[in-house]
Each structure stands twice: as C-alpha cells, then as structure tokens.
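# Chains, contacts and geometry: an overview
Each chain, letter by letter, is given below.
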Amino acid sequence: MPKKKGELSIEERLEQSIVAKEEEPYKLPSNWVWTKVKEVNEVVTGNTPSKQKIEYWENKNINFVKPSDLNQGRNLTVSEEYVDNRAKEKIRLIPKFSTILCCIGSIGKSSFSEIECCTNQQINSLIPKKTLNPIYNYYYLNSSFFINQMKNSSSATTIAILNKSKTEELLFPLPPLEEQKRIVEKLDSLFEKIQKIKEIIEEVKEKTTSRREAILSKAFSGELTEKWRGENHTENARELLVKINDEKLKLWEDECKKAEDEGRKKPAKPKLKTIDEMLVEAEEEPYKLPSNWVWTRLEDICNYIQRGKSPKYVDLSPIFVISQKCVQWNGFDLTKARYTSEETKYTEERFLLPNDILWNSTGTGTVGRLCILKDDVANQKMVADSHVTVVRTSKSLLPQCIHKYLISNNVQSNLDSMTTGSTNQKELNLTSVKNLIIPLPPLEEQKEIVRVLDKVFEEENRISELISLENKIEILEKTILDRAFRGELGTGNNDDEPAIELLKKCLEER
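Here's a quick rundown of the structure.

It is worth spelling out the side chain of Asn 360 at this point. Position of Asn 360 among the secondary structure elements: in strand β17 (residues 357-360). With relative accessibility at 0%, the residue Asn 360 sits in the buried group. Separated by 3.4 Å, the side chain of Asn 360 and the backbone oxygen of Val 327 make a polar contact. Those residues within four positions of Asn 360 in sequence are excluded, and the remaining contacts are Gln 324, Val 327, Thr 366, Val 367, Gly 368, Arg 369, His 387, Val 388 and Leu 428.

This brings us to the pairing of β17. A two-sided burial pattern is seen for β17, the buried positions comprising Ile 357 and Trp 359 on one face and Leu 358 and Asn 360 on the other. The pairing of β17 with strand β18 (residues 370-372) spans three bridges and is classified as antiparallel. Residue pairing across strands places Ile 357 opposite Ile 372, the latter belonging to β18. Strand direction decides the pairing type here: β17 and strand β20 (residues 388-393), joined by four bridges, are antiparallel. Across the sheet, the residue bridging to Ile 357 is Val 391, located in β20.

The next point concerns the sheet that holds strand β13 (residues 319-322). Ordered in space as β12-β16-β13-β19, the four strands form an open sheet in which the pairing is mixed. Each end of this open sheet is capped by a strand with a single partner; those strands are β12 (313-314) and β19 (381-384). In terms of strand pairing, β13 meets β19 through four bridges, oriented parallel. Paired with Val 321 across the bridge in β19 is Val 383.

Thresholds, definitions, all that
- Residues numbered from 1 in each chain as written.
- Predicted model: local features only at pLDDT ≥ 70, side-chain atom pairs only at ≥ 80, totals over all residues.
- Heavy atoms only, no water.
- Helix = DSSP H or I, 4+ residues; strand = E, 2+ residues; numbered from the N terminus.
- Buried < 20%, exposed > 50% of the residue type's maximum accessible area, 1.4 Å probe, protein only.
- Polar contact = N/O pair within 3.5 Å; in protein donor to acceptor, adjacent residues only side chain to side chain.
- Contact = heavy atoms within 4.5 Å.
- Pairing = 2+ DSSP bridges.

Next up, the structure:
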C-alpha cells in the first residue's frame with residue numbers, strides 16, 4: 001500500500017523509534033535494540049467514574065484497581081473496589097497481562113495483572129504489543145534502571161507525578177522475542193527459588209519471635225527460674241526496696257556535700273515513699289508473682305527518668321547528641337549521633353551513663369524501641385535529644401533485668417495506652433513511663449534471669465544471621481534484574497531474529 005503524502009515510511013519511522021547511539025545508557029547485545037516504552041506498549045492513564053452516579057458502583061462486575069492493590073506484585077487477581085458494567089462508557093478496560101504502574105506518589109510500584117480491569121487516575125497501564133512478551137515487560141518495569149528513570153522523569157512537586165507522555169518516552173531495552181522468553185523462564189526459575197528462601201526466613205522469624213516472647217513471659221512470671229528459686233534461698237524483694245530508698249537518700253547527701261564544696265544551693269531532700277506505698281495495690285497487679293517478688297512502679301526503682309532536650313547542633317564537639325537513630329533493637333549505634341555545642345547548658349544528670357536505658361519516644365514504628373548503654377561507650381560525653389527518654393535504674397538492682405522486661409511483650413503490646421498524639425506523631429507519655437508497673441524479683445534472681453536470657457538470646461543471634469540474609473536477597477534480586485536487561489544471564493543466541501525486526505513489526509501494527 002503506497003504511503004500517503006507527508007506520511008513517514010516504515011524505515012523512517014524505524015529510525016525515529018531507535019534510541020540514538022549517544023543516548024544509549026549502556027551497551028546491549030548486538031541483536032538487541034534500545035527503543036522507547038511507547039514503541040512496544042500502549043500507555044493508558046486510568047480515571048475514576050463519578051461517585052455521584054450510583055449505577056456505576058452498584059454491582060461488582062469489573063475490578064477497579066488502585067495503588068493499594070499493587071501489593072500483589074506478580075499476580076494481581078483481585079481489587080478492593082469494583083465498578084458496574086454500566087460504567088464502561090466512562091472507563092478504559094485494561095486487558096489481562098498488562099503491567100500496572102503507580103504514577104502518582106509511590107512512583108515505581110507495579111503489578112502484573114492477570115485480570116481484565118480498569119484503574120484510577122493514579123495509574124498508568126502498559127499494554128504490551130504482540131511483539132513483546134508481557135512478563136518480560138513486567139520484569140523490566142521492576143528493574144532498578146527503569147524505576148530510577150521513572151523517578152527522575154517525575155515532576156518535582158510535593159507529590160511525585162509521572163504523566164503519560166513522560167512514561168511513553170522512557171527507554172526500553174528490546175531483545176529478540178525468543179530471547180525474551182528465555183529471560184522470563186530464567187527469571188521465573190531464579191525468583192521461585194528466592195521466594196522459597198524468603199518463606200523459610202519468614203518462618204524462622206515467626207518462630208524466633210514467638211519463642212523470644214514466650215521465654216520473656218516465663219522470665220517475668222517467675223516460671224523460668226522456678227527450679228533455681230527452689231534450690232537457692234534469697235531475700236524478699238521488699239528488702240530490695242529498702243536498699244533503693246537508702247540509695248536515693250545517700251545520693252542526695254552526696255549532692256548536698258558537693259553543692260556545699262562548690263558554694264551552690266543544696267538540692268531539696270527527696271520525698272521518699274514508704275515500702276507499702278511503693279507496692280502496687282492488689283487489684284492493679286497484672287498477674288500473680290512468686291511470693292518473694294513484688295509489683296512496684298518504674299519511678300520507684302529508678303534514680304532518674306527524663307526525656308532528653310532539644311540541642312543546638314554543631315559540626316563537631318566533644319558532646320554527642322543521641323537520637324532515635326542511635327537506639328536500635330540490636331543495640332546502641334554511636335555512628336548515627338550528632339554533636340551539640342559545649343556552650344549548651346546541661347545539668348550533670350543529663351549526661352548519659354553506662355547501663356542507662358534509652359527508650360525511643362516519638363513516631364509510629366519508632367516509639368517503644370529500646371537499648372541499654374554498655375561500658376564500651378563510658379568514655380564518651382553524651383546527652384539525649386528530646387525524642388529519647390532516659391531511664392536510669394537504682395544501682396541496688398540489675399538494669400539489664402529491667403531492660404529485658406521493657407522489651408517484652410508485656411510492655412510492647414501495651415504501648416498504645418502509654419502514648420499520646422496523632423497516628424504519625426505518637427509520643428511516649430513520661431507520666432505513663434514513670435507509672436509503669438514492674439515485676440521485681442530479688443537481686444540474685446534478677447542475675448539468674450539475665451544469665452539465662454542472655455544465653456538464649458545469644459543462640460537467637462545466630463539465627464538472626466540467617467534473617468539478615470533478607471537484605472542480601474533484596475540486593476540479589478535487583479542485581480539479577482539488572483543483569484537480565486543487559487543480556488548477562490547467559491540466555492543469548494546469535495541465531496535469533498534481531499530485535500530491530502520486532503520493532504519494525506510493532507510499527508507495522510499501527
């Protein structure tokens with residue numbers, strides 16, 4: 001058929017659809033070709049039928065896909081919402097085996113649709129042409145290279161947006177059709193094995209978490225040391241409360257002497273509770289303890305509980321500022337600390353000491369995380385910022401034992417009742433921290449509890465080495481995808497029909 005006047009020939013269109021050599025991001029095998037998304041896909045932006053027209057939403061006829069549905073990844077088969085067949089006049093149906101991309105907000109989030117559906121306006125659907133393997137299409141759209149293209153091409157607004165025209169212009173490495181099939185088979189095989197490893201790791205995590213919670217529960221009910229208690233006579237924990245009160249009085253006397261030597265005003269005498277006042281009322285006790293344990297409140301067994309304060313940051317100083325980033329479940333990380341000016345006025349008690357318990361106090365996902373300072377940081381001058389609560393227990397008891405109770409499910413599962421504020425800015429309430437009810441064993445039994453738990457957790461740390469493979473697996477998945485779209489999976493065959501012929505067929509389809 002002769003071409004119309006002014007219409008480009010196939011050869012001219014082919015030349016336009018191929019990425020210029022100087023624009024190629026990396027070298028491809030000789031029978032591949034760099035092109036653009038629009039040459040091998042039809043890009044469709046979704047829309048939402050009017051909510052005012054009830055008939056559009058009455059029946060669950062057609063899956064209506066939104067970004068929240070894209071968590072299904074490789075197998076999108078359901079959606080949270082549906083539209084009625086009568087909405088067809090207002091929507092574009094997306095055929096099976098299309099790749100659905102989030103183009104507003106969570107740029108790069110995608111799923112491979114195994115159903116006919118429609119989407120909202122936050123989604124661009126890529127419908128592959130006949131010369132493109134749909135699953136090859138999906139895998140490439142999940143590669144680091146493509147996702148970075150999307151993010152770099154999105155508009156720089158408060159919410160990232162990648163429109164249809166920019167999506168169409170993104171670069172696409174096109175192999176021969178047979179090579180596409182071989183790449184998909186190789187990736188399917190590799191990712192199936194990786195998925196099995198992930199499932200094993202997840203199972204280990206669940207078992208480890210359950211075992212840890214069970215052991216902590218036994219530790220602070222007295223069950224863990226029941227046999228030890230029967231073989232070892234210890235004093236009643238009430239005697240420990242007496243020593244704690246004596247220690248508070250001694251600390252005050254020392255402060256008074258120091259103030260007198262420095263010519264300062266003496267601190268006010270602490271108002272000490274009686275032992276009976278330090279005990280929790282029977283009706284408030286969460287559960288029954290061994291007869292020589294007591295229920296008390298955290299404030300009554302601590303010398304200091306306080307939130308840190310907002311610092312004046314500087315580039316370098318001898319004084320470290322400890323933030324929530326420094327407080328991790330697996331321990332304390334000084335490398336994430338910043339510095340505060342030496343001119344900032346801090347009272348002596350605000351400087352952190354070995355065995356201080358640090359408790360993250362702000363933000364969903366962060367609030368509640370704890371660690372305990374060890375002696376290896378004792379030579380550093382450190383203060384906490386306002387998002388960290390410092391808990392300094394009495395020297396008459398074992399802070400490691402209190403720390404282990406605070407990380408237990410007894411406390412962590414009840415954080416909601418100890419926090420205030422909005423969803424994303426949850427704040428650990430200092431009064432709730434001070435009033436937290438604590439099971440207190442005698443000192444010798446505290447030592448035995450910590451000894452046993454440390455041994456158990458040391459064994460679990462070996463298991464956590466397996467769990468740490470998760471991060472390495474994520475890197476491996478990205479590396480595999482990156483190699484796949486450089487032709488480095490060992491699936492190439494020089495006898496394949498060159499990809500440029502595929503591209504020509506795509507153009508002839510128009």
